[in-house]
Amino acid sequence: MCERAAVLSELNGSVNARVMFIGEAPGRKGADRTRIPFSGDQSGRNFDRFLASIGLQRAHIFITSAALCNPRSATGANRRPTATEIRNCSDYLERTIALVNPAIVVTLGTAALEAIRLIEPHEFTLKHDAAKVRRWNGRSLIPLYHPSPQVLITSRKEPAQLRDYKVVAGAIRRLD
């Protein structure tokens, strides 16, 4: 992915955010084009709807990804980042977490949950830990499913994801 531009700038959100969301990678039709994480595509629209359901505004969060550049298949379609690509970006992710220093980290999907394992080992899985508040690296961790249309169809329907975001809202309320 060395020929691709990384999505990491002030457009990711506030460096003073108490909540950080970590996604998989910039989408080809979304952040890779707009330079704003989770924007310009259906995953971004779903994410915005889920945030709105708990009254959380983008101005109050920081969003980054396990892989900072858009991984594409030979046909140009989005693909999941490889373990090597995630490992290559893990130093940036670790430094971003240290810089923002969020009280709550929310991973969106398996790739993000695997990426943070490279920073501080854990045994969490989406199957067993989705929408549960866990302790990780001195902060609260909430693993959630990715807001992509495919996940909404195959793995975690919208009503369940909306319930999951209420867990995030509860964790934020406990900070106050």
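This structure is a prediction, so every number in the text was calculated from the model and none was measured.

A. View of the nonpolar core. Core analysis: the largest hydrophobic core is formed by 23 residues, its most contacted members being I22, L93, I97, I116, W136 and L141. For this core, the secondary-structure elements that each account for two or more residues are strand 1 (19–23), helix 3 (83–100) and helix 4 (110–117). With five residues, helix 4 is the single largest residue contributor to this core. Sequence-distant contacts of L93, defined by excluding residues within four places in its chain, comprise I22, T64, S65, A115, I116 and I119. Counting residues in hydrophobic clusters, the runner-up holds 22 residues, among them F47, L51, Y165 and V168.

B. View of the sheet that holds strand 2 (residues 61–65). If you walk across this open sheet you meet the five strands as 2-1-3-5-4, and the pairing is mixed. This sheet does not close on itself; its edge strands, each paired only once, are strand 2 and strand 4 (134–136). Neighbour-to-neighbour, the strand axes of this sheet turn through a mean angle of 30°, independent of strand direction. This element, helix 3, spans strand 1, strand 2, strand 4 and strand 5 (139–144) of the sheet and lies at about 165° to strand 1. Packing against the sheet, helix 7 (residues 158–175) makes contact with strand 1, strand 3 (104–108) and strand 5, and its axis sits at approximately 170° to strand 5.

C. Region of interest: the environment of T154. Here T154 is to be found in helix 6 (residues 149–154). Residues T154 and L113, 41 residues apart in the sequence, show an inter-C-alpha distance of 19 Å.

Rules behind the numbers
- Residues numbered from 1 in each chain as written.
- Predicted model: local features only at pLDDT ≥ 70, side-chain atom pairs only at ≥ 80, totals over all residues.
- Heavy atoms only, no water.
- Core = buried A, V, L, I, M, F, W, Y, C linked by side-chain atoms within 4.5 Å.
- Buried < 20%, exposed > 50% of the residue type's maximum accessible area, 1.4 Å probe, protein only.
- Helix = DSSP H or I, 4+ residues; strand = E, 2+ residues; numbered from the N terminus.
- Contact = heavy atoms within 4.5 Å.
- Pairing = 2+ DSSP bridges.
- Axes fitted to C-alpha atoms, helices over the stretch in contact; angles between N-to-C directions.

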